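Observations on the model geometry
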Amino acid sequence: MTMNFLNPVTTQTWTNGRHAVRCVKVIQETWDVRTFCFMAEQPVLFFFKPGQFVTLELEVDGEPTMRSYTISSSPSVPYSFSITVKRVPGGRVSNWLHDNVKVGDELAVHGPVGNFNSIDFPADKVLFLSGGVGITPLMSMTRWLFDTNANVDVEFIHSARAPRDVIYHRELVHMFSRIPEFKLHIVCEKKDDIGEAWAGYRGYLTQPMLELMAPDFLEREIFCCGPTPYMNAVKKLLRDNGFDMSHYHEESFAATPIEVQEDVLENVEQAEALAEEFDAADLISVEFSSSGKSVRIQPGETVHSAAAKLGLHIPKACGMGICGTCRVPLSSGQVDMDHNGGITDEDLAEGYILSCCSKPLGDVVVEY
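- The protein is annotated in an unreviewed UniProt entry as Ferredoxin-NADP reductase from Halomonas korlensis.

**Overview of the overall build of the protein**
- For the protein, the helix and strand inventory stands at 8 helices and 21 strands.
- Residues classed as buried in the protein amount to 46% of the 368 residues present.
- Long-range pairs, those at least 24 residues apart, make up 68% of the contacts in the protein between residues at least 6 apart in sequence.
- Approximately 18,600 Å² of the protein is accessible, and the part contributed by carbon and sulfur atoms is 51%.

**Regarding the sheet that holds strand 17 (residues 327-332)**
- The 5 strands are arranged 16-15-21-17-19 in an open sheet whose pairing can be described as mixed. Of all strands in the sheet, those bounded by a partner on one side alone are strand 16 (293-297) and strand 19 (352-354). Within this sheet the neighbouring strands show an average axis-to-axis angle of 35°, counted without direction.
- Across 3 bridges, strand 17 lies against strand 19 in antiparallel orientation. For P329, the partnering residue across the bridge sits in strand 19 and is Y352.

**Some points on the sheet that holds strand 6 (residues 63-70)**
- With antiparallel pairing, 6 strands are arranged side by side in an open sheet as 6-5-8-2-3-7. Where the open sheet ends on each side, the last strands, each with one partner, are strand 6 and strand 7 (81-86). Taking each pair of neighbouring strands and ignoring which way they run, the sheet shows an average axis angle of 40°.
- Pairing of strand 2 (residues 17-30) with strand 3 (residues 33-40) involves 8 bridges; the strand directions are antiparallel. When the bridges of strand 3 are listed, T30 appears paired with V33.

**Concerning helix 5 (residues 228-240)**
- Here helix 5 is 13 residues long and its end C-alpha atoms lie 18 Å apart, about the 18 Å a rise of 1.5 Å per residue gives.
- Among all positions in helix 5, only Y230, M231, V234, K235, L237 and L238 are buried. Each buried residue of helix 5 lies within a common arc of 160° when the element is viewed along its axis, so the set occupies one face. Seen from the open side of helix 5, the exposed residues pointing more than 90 degrees away from its buried face are P229, K236, R239 and D240.
- Taken from the residues just after helix 5, G242 is the one with a positive phi, measuring 75°.

**Some thoughts on the pattern of salt bridges**
- Across all of its chains, the model carries 17 salt bridges by this definition.
- For K49, the salt bridge identified is with D120, shortest N-O distance 2.9 Å. Here K49, found in the loop between strand 4 (44-45) and strand 5 (53-60), pairs with D120, found in the loop between strand 8 (106-113) and strand 9 (125-131); they are 71 residues apart in sequence, far enough to count as distant.
- What makes D120 partly exposed here is its relative accessible area of 38%.
- Of the charged contacts in the structure, one is a salt bridge between D347 and R327, with a shortest N-O distance of 2.8 Å. Highlighted residues: D347 in helix 8 (residues 345-349) and R327 in strand 17, separated in sequence by 20 residues.

**Details of the pairing of strand 11 (residues 182-188)**
- With 5 of its 7 residues buried, strand 11 lies for the most part within the structure.
- By the bridge criterion, 7 bridges tie strand 10 (residues 153-160) to strand 11 in an arrangement that is parallel. Residue pairing for strand 11: F156 is matched across the bridge by L184.
- Pairing geometry for strand 11 and strand 12 (residues 201-202), over 2 bridges, is parallel. Bridge pairing in strand 12 links V187 to Y201.

**With respect to the packing of aromatic side chains**
- By the definition in use, this model includes 10 aromatic pairs.
- Taken together, F116, F128, F156, F176, F182 and F223 form an aromatic cluster joined through their ring pairs.
- Over the face of the ring belonging to Y352 we find R327, whose NZ or CZ atom lies 4.2 Å from the ring centre.

**Quick notes on the pairing of strand 10**
- Counting buried residues along strand 10, 7 of its 8 residues qualify, which places the element largely inside the surrounding structure.
- Following the backbone out of strand 9, through helix 2 (residues 135-147) and into the adjacent parallel strand 10, one traces a crossover that is right-handed.
- With helix 3 (residues 169-178) bridging strand 10 and the parallel strand 11, this β-α-β connection has right-handed handedness.

**Digging into helix 1 (residues 92-100)**
- Listed in full, the buried residues belonging to helix 1 are V93, S94, N95, W96, L97 and H98.
- Against the buried residues of helix 1 lie strand 3, strand 5, strand 6 and strand 7.

**Overview of unusual backbone geometry**
- A cis amide bond links G111 with the next residue in sequence, P112, at an omega value of 10°.
- Along the chain, P112 turns up in strand 8.
- The phi angle at D61 is positive, at roughly 55°, despite the residue not being glycine.
- A relative accessible area of 64% means that D61 is categorised as exposed.

Rules used throughout
Residues numbered from 1 in each chain as written. Predicted model: local features only at pLDDT ≥ 70, side-chain atom pairs only at ≥ 80, totals over all residues. Heavy atoms only, no water. Helix = DSSP H or I, 4+ residues; strand = E, 2+ residues; numbered from the N terminus. Buried < 20%, exposed > 50% of the residue type's maximum accessible area, 1.4 Å probe, protein only. Contact = heavy atoms within 4.5 Å. Areas by Shrake-Rupley, 256 points an atom, 1.4 Å probe, with all protein chains shown as cover. Pairing = 2+ DSSP bridges. Axes fitted to C-alpha atoms, helices over the stretch in contact; angles between N-to-C directions. Expected span 1.5 Å × (residues − 1). Arc of directions from axis to C-beta. Salt bridge = Lys/Arg side-chain N within 4 Å of Asp/Glu carboxyl O. Phe/Tyr/Trp six-rings, centres within 6.5 Å; stacked < 30°, edge-to-face > 60°. Lys NZ or Arg CZ within 6 Å of the ring centre and 35° of its normal. Right-handed = clockwise from strand over helix to strand, strands pointing away.

Following this line, the structure appears as structure tokens:
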């Protein structure tokens, strides 16, 4: 084993972008959940905000695939980072990761990015609410608070299907047994046929449960992550009690809701109907200088859709300006970029844009 990682001259600091990493450990957390730990070949300090995520660049069944996962480790352990992935029935990427990624494998990651984090919303009293694998960003936050001896009052409430499904159970019990200000509560949703001894809360999280576990929940900064129905129930409970929702933060782990898909289809139909009304003079030129290609698009279309029309593949994962995967340099022109935290101020200053959420305001030139 070399000691190069101790040399501050050769150690680099993680910044949002593309990085080559190697899997150094695979941990079986529960029967259907694994943690994958990564390090860089050249020493890198993986500093990030607890709660943020990365996007993996994979090749699944011969097809380039991008998928985002929350970092479950803490930046207090800076020379590596981890993601925790649940095997999902029919889950193309999650199942592929479980079946194929092993120690020694190399892949590329993009990030870190994300507005859902505990650094940007500091508080003396916090409430973590998680369901299932939604525990991952909250685990990163908890590990950070524990490792840094933060003077924070933490109430952590996690809902799982059954005792065997509680991710990080032993580590949570260890951390929360050592700090009086940290309090852990586990809820097992299956009321019957759990098949294991369980003396804790059963069923789904309710207001009476919440009042027993965290009676001062209205006074806390709340971070929530889990399936959409779980988070919707939490938000309804909080609103019904007059909670100031500016102190509520969530990260979603779910497929696109049906109503959103229907809205998208309706918008497409409207766009097609309006397309005939545009005059050729209204079209905007988008040039991709590195490829030597250009296309004219309608106002309101994105740089990413312009590239797709030319057969140019700009990698993207979220499509909402969160992950930062589709970052490209803008050489000239202006765009309206409606992003969600997937780009840094430094990137903006250097002329980068996120192609998935950037709509040209006139003729533009993009380096791609």
